[in-house]
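Reading the structure
The chain contents come next:
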Amino acid sequence: MAEHDHAEHDHAGQDHAGQDHAGHDPAEHDPAEQDHAGHDHAEYDYVVVGGGTAGSVIASRLTEDPGVTVAVIEGGPSDVDRPDVLTLRRWMGLLGGELDYDYPTTEQPRGNSHIRHSRARVLGGCSSHNTLIAFKPLPSDWDEWAAAGAEGWDADAMDPYFGRLRNNIVPVDELDRNAIARDFVDAARSALGVPRVDSFNKKPFHEGAGFFDLAYHPENNKRSSASVAYLHPFLDRPNLHLLLETWAFRLELDGTRATGVHVRTKDGGELRVGARREVLVCAGAVDTPRLLLHSGIGPRADLEKLGIPVVHDLPGVGENLLDHPESVIVWETDGPIPENSAMDSDAGLFVRRDPAVEGPDLMFHFYQIPFTDNPERLGYERPEHGVSMTPNIPKPRSRGRLYLTSADPEVKPALDFRYFTDEDDYDGRTLVDGIRIARRIAAAEPLANWLRREVCPGPEVTSDEELSAYARSCAHTVYHPAGTCRMGAASDEGAVVAPDLRIRGLDGIRIADASVFPTMPAVNPMIGVLMVGEKCAELLLTEAAAARTPDTARPGRPGRPGRTVPAARPVPAARPVPAAGTHTDEKGLTR
């Protein structure tokens, strides 16, 4: 169930205290009060739709140039001064609440039709909402993208972007390492013969047990989300405009060129936000295709059926819906377990069952709580004290689809993940293997000494058929929807974006979020999304620099004199990340 940042900034500030370094509150960046001030439109160089994981990166990098103006359209409020958001261990309290768009799933004949997909409605997006498990994508993940037509996205090309991340990425702190989680790691090693992994980001792996790397500040359990790392220190930049609680419902195009976005503010007013250079859609794997479809960009037949005027026939929009499905096995413990933890799912396991594949083909999160939301629906009871393992499919073969059911932008799209529908039942068989492996770990010391009984599915459930039926009916999501605007080669008619992230057949618009993933990484994708943001920012800066010489002045704009624009600066690399257990002060500035 969990999806579940130590970067140092270049000047003094706080990336977790609620205000930026100059004491500014992002609530001051209110479109109704400032940027639009009685007008029904505003113009910026770039308009970023979605102040989430990738959008925060792009806005921050672009506004390093004081001559570039950027508007960030974010449907939710600020995360500043929100301990319910900024405290990592409180993540479960955000699910289904006021900061969750909470998308239902369509009927799943072979899966769980009751799954709710949380999507964050707050600055920082899902990095302000998830458990911040931080895996650098494996080389095999990137190389798979390149093989699928994403030229320039291979492992060698992508590796440098990890070093640029501003987030405070460290292994779970020693003080947060719960005794039962330590014993889970030891039991997994003895039962399966896998190595202990001290940091999953030190080198590529295909198996191993250990504590995760997290994007957080161990000293106070504060998030190092995309907004904390990339926006909070820079909220006083006069060229950075945050349009909070502002919802984008339609893109504006002039022929084949995107020129702006139509938005609705908190008070119901409608505005046009214009983009002189580009619109960057970073609304995530659900809301990015949703926005495109409502703007008439998508499969012609589907749009015409709903009476939406077709602006650009693009068949791949909404297709290739991916996720990391998982199931759960729960044990009752002999009594309460220690309270210390970073976020209650601090350790995990990767297994490679098939030596012919690159990377792991089975993953487990270990929960220091009894996660019984789905089993309770089937009649199981939640034990007072317990733990869980969640077998997860790193490389699922089932593919789903997102589509509209109404021309009304307020109506949520349909999410049909088609869980466990792959032809060979690879996904279903992976979960059966996972439950059997989890039982082997639970039977091994030192973990076995903690456990009283298996609660669900229960020791009497043993056949492949019974285990599969249980695993699929109790399946859950790790909140990793991806792939709905996938990247591909120019010759790939099912691709939505090219390797430069431009929407095929359109100008002045790119997508940068998990929707562009051609395939699902084997690991939790948040770091991959941050790296997509960094690469997109570099593409934009490089192209802007190539389009002008340093002494070329831009033409004057309405109400503004022309001025010399400095050449775009290259994106600086992040300074080295301190080792786990070291802490930086506020001037060091440690989903």
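Just so it is clear, the structure is predicted and the values come from calculations on it, not from any experiment.

A closer look at the overall build of the protein chain
A count of helices and strands for the protein chain gives 13 helices and 25 strands. Counting only residues that meet the buried cut, the protein chain has 63% of its 591 residues in that class. If you sum the accessible surface of the protein chain, you get close to 20,800 Å²; carbon and sulfur atoms cover 50% of it.

A short note on the sheet that holds strand β21 (residues 400-403)
In spatial order, the strands read β15-β21-β22; together these 3 strands make up an open sheet with antiparallel pairing. Each having just a single partner strand, β15 (319-321) and β22 (414-416) make up the two edges of the open sheet. Taking the axes of each pair of neighbouring strands and ignoring which way they run, one obtains an average angle of 35° across the sheet. Note that β21 and β22 share 3 bridges and pair antiparallel. By the bridge assignment, Tyr403 is partnered in β22 with Ala414. Its contacts with the sheet place helix α8 (residues 284-294) against β21 and β22, and it is angled at close to 50° to β21.

Comments concerning the side chain of Ser227
Tracing the backbone through its elements, the reader meets Ser227 in helix α7 (residues 226-230). Assessed through its relative accessible area of 0%, Ser227 is described here as buried. Engagement of the side chain of Ser227 in a polar contact is seen with the side chain of Asp79, the distance being 2.6 Å. Residue contacts for Ser227: discarding those within four places in its chain leaves Ser56, Asp79, Leu123, Gly124, Ser127, Ser128 and His232.

Topic: the packing of helix α6 (residues 179-192) against helix α11 (residues 426-442)
α11 packs onto α6 with a crossing angle of 110° between their chain directions and a minimal axis gap of 8 Å. Taken together, the axes of α6 and α11 are roughly perpendicular relative to one another. Residue-level contacts link Phe184, Ala187, Ala188, Ala191 and Leu192 of α6 to Ile437, Arg440 and Ile441 of α11. Among the residues forming the contact of α6 with α11, the class breakdown is 7 nonpolar, no polar and 1 charged.

Notes on the sheet that holds strand β8 (residues 222-223)
Spatial strand order, β5-β7-β8: 3 strands in an open sheet with antiparallel pairing. Of all the strands in the sheet, the pair left with one neighbour each is β5 (169-171) and β8. Sheet topology note: the strand β7 (residues 213-217)/β8 ladder contains 2 bridges and is antiparallel. Paired with His217 across the strands is Lys222, a residue of β8.

Description of the pairing of strand β19 (residues 362-367)
Among the 6 residues in β19, 6 count as buried, and that is most of the element. Judged from the 5 bridges that link them, strand β18 (residues 347-351) and β19 form a sheet pairing that is antiparallel. Counted as the bridge partner of Ala347 is Phe366 from β19. Relative to strand β20 (residues 386-392), β19 is paired through 5 bridges, and the arrangement is antiparallel. Across the sheet, the residue bridging to Tyr367 is Ser388, located in β20.

A word on the layout of surface pockets
Its boundaries defined by the atoms lining it, the largest pocket holds a volume of some 380 Å³. Residue lining of the largest pocket: 17 residues in total, with Glu144, Val357, Lys395, Arg397 and Tyr426 positioned closest to the centre. When residues in the lining of the largest pocket are grouped by element, the largest group, 3 residues, is from helix α4 (residues 139-147). Among the residues forming the lining of the largest pocket, the class breakdown is 5 nonpolar, 3 polar and 9 charged.

Focus: the packing of aromatic side chains
Under the defined criterion, the tally for this structure stands at 18 aromatic pairs. Through successive ring pairs, a cluster of aromatic residues spans Phe135, Phe200, Phe205, Phe212 and Phe350. Geometry around Phe234 places Arg237 over its ring, the cationic atom sitting 4.0 Å from the centre. The ring of Phe249 is capped by Arg264, whose NZ or CZ atom sits 4.5 Å from the centre of that ring.

Some points on unusual backbone geometry
The amide bond that connects Glu445 to the next residue, Pro446, takes the cis arrangement and shows omega of 10°. For Pro446, the position within the fold is in the loop between α11 and β23 (451-456). Note that the residue after Cys456, namely Pro457, is joined by a cis bond; omega there is 5°. Despite not being glycine, Asp344 shows a phi value in the positive range, around 75°. Within the secondary structure layout, Asp344 lies in the loop between β17 (329-333) and β18. Even without being a glycine, Leu501 presents a positive backbone phi close to 75°. Within the secondary structure, Leu501 is located in the loop between β24 (476-477) and β25 (509-511).

What counts, and where the lines are drawn
- Residues numbered from 1 in each chain as written.
- Predicted model: local features only at pLDDT ≥ 70, side-chain atom pairs only at ≥ 80, totals over all residues.
- Heavy atoms only, no water.
- Helix = DSSP H or I, 4+ residues; strand = E, 2+ residues; numbered from the N terminus.
- Buried < 20%, exposed > 50% of the residue type's maximum accessible area, 1.4 Å probe, protein only.
- Areas by Shrake-Rupley, 256 points an atom, 1.4 Å probe, with all protein chains shown as cover.
- Pairing = 2+ DSSP bridges.
- Axes fitted to C-alpha atoms, helices over the stretch in contact; angles between N-to-C directions.
- Contact = heavy atoms within 4.5 Å.
- Polar contact = N/O pair within 3.5 Å; in protein donor to acceptor, adjacent residues only side chain to side chain.
- Parallel < 35°, antiparallel > 145°, perpendicular 65-115°, else oblique.
- Nonpolar A, V, L, I, M, F, W, Y, C, P; charged D, E, K, R; others polar.
- 1 Å grid on protein atoms, 1.4 Å probe; cavity = no way out; pocket = protein on both sides within 12 Å on 5 of 7 lines; lining within 4 Å.
- Points joined across faces, edges and corners; volume = space filled by probe spheres on them.
- Phe/Tyr/Trp six-rings, centres within 6.5 Å; stacked < 30°, edge-to-face > 60°.
- Lys NZ or Arg CZ within 6 Å of the ring centre and 35° of its normal.

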